[in-house]
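# Structural description and commentary
Chain by chain, the residues run as shown.
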Amino acid sequence: NSIVKKALKNGTFMSLSEMTRMRLNNNTPSEFINLYYAEAASIVHYLISEGTEYRFEEFCRRLRRQEDFNSAFSDSYPRFRNIEGLNKQWVDYINK
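Everything in this summary refers to the structure shown in the same document. (Residues numbered from 1 in each chain as written. Predicted model: local features only at pLDDT ≥ 70, side-chain atom pairs only at ≥ 80, totals over all residues. Heavy atoms only, no water.)

## Observations regarding the pattern of salt bridges
Evaluation of the coordinates by the stated rule reveals eight salt bridges. Close ionic contact of Arg62 with Glu67 constitutes a salt bridge, the shortest N to O distance being 3.1 Å. Taken together, the shared-partner salt bridges connect Glu58, Arg61, Arg62, Arg65, Glu67 and Asp75 into one network. (Salt bridge = Lys/Arg side-chain N within 4 Å of Asp/Glu carboxyl O.)

Here it is, written out as structure tokens:
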């Protein structure tokens, strides 16, 4: 989480909405790739710690079945309501 905390402080943090739109390729600078994966690991850790491993597994199963992301997410994690709500709670968690 130190990479993610540093990104929050220096303004390079990517919101979940930004991360879902981002496409990594050979031209993507390595610092963005490193931050992307650090944030991805952080959000997975947060989701598992805030729910249960079962909820996360169910969310992943739904995505593998090609269910709509928003439906899979809201059914698996109803307390967050939407991706913006999750992003806010995640940032609060990182800042603790």
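## Topic: unusual backbone geometry
With a phi angle near 65 degrees, Gln66 is a residue other than glycine that sits in the positive phi range. By the element assignment, Gln66 lies in the loop between helix H4 (53–64) and helix H5 (69–76). According to the relative accessible area criterion, Gln66 is exposed, its value standing at 72%. (Helix = DSSP H or I, 4+ residues; strand = E, 2+ residues; numbered from the N terminus. Buried < 20%, exposed > 50% of the residue type's maximum accessible area, 1.4 Å probe, protein only.)

## Focus: the packing of aromatic side chains
Using the criterion set out here, one finds eleven aromatic pairs in the structure. Consider the rings of Tyr46 and Tyr93, whose centres lie 4.8 Å apart with planes at 50 degrees: the pair is tilted. Of the two residues, Tyr46 is situated in helix H3 (residues 30–50) and Tyr93 in helix H6 (residues 83–94); the sequence distance between them amounts to 47 residues. Residue Tyr46 is classed as buried on the basis of its relative accessible area of 1%. With centroids separated by 6.0 Å and ring planes inclined at 45 degrees, the aromatic side chains of Tyr77 and Phe80 adopt a geometry described as tilted. Residue classification places Tyr77 among the buried positions, given a relative accessible area of 2%. The buried category is assigned to Phe80, whose relative accessible area is 4%. By way of ring pairs, the aromatic residues Tyr46, Phe59, Phe69, Phe73, Tyr77, Phe80 and Tyr93 are connected into one cluster. (Phe/Tyr/Trp six-rings, centres within 6.5 Å; stacked < 30°, edge-to-face > 60°.)

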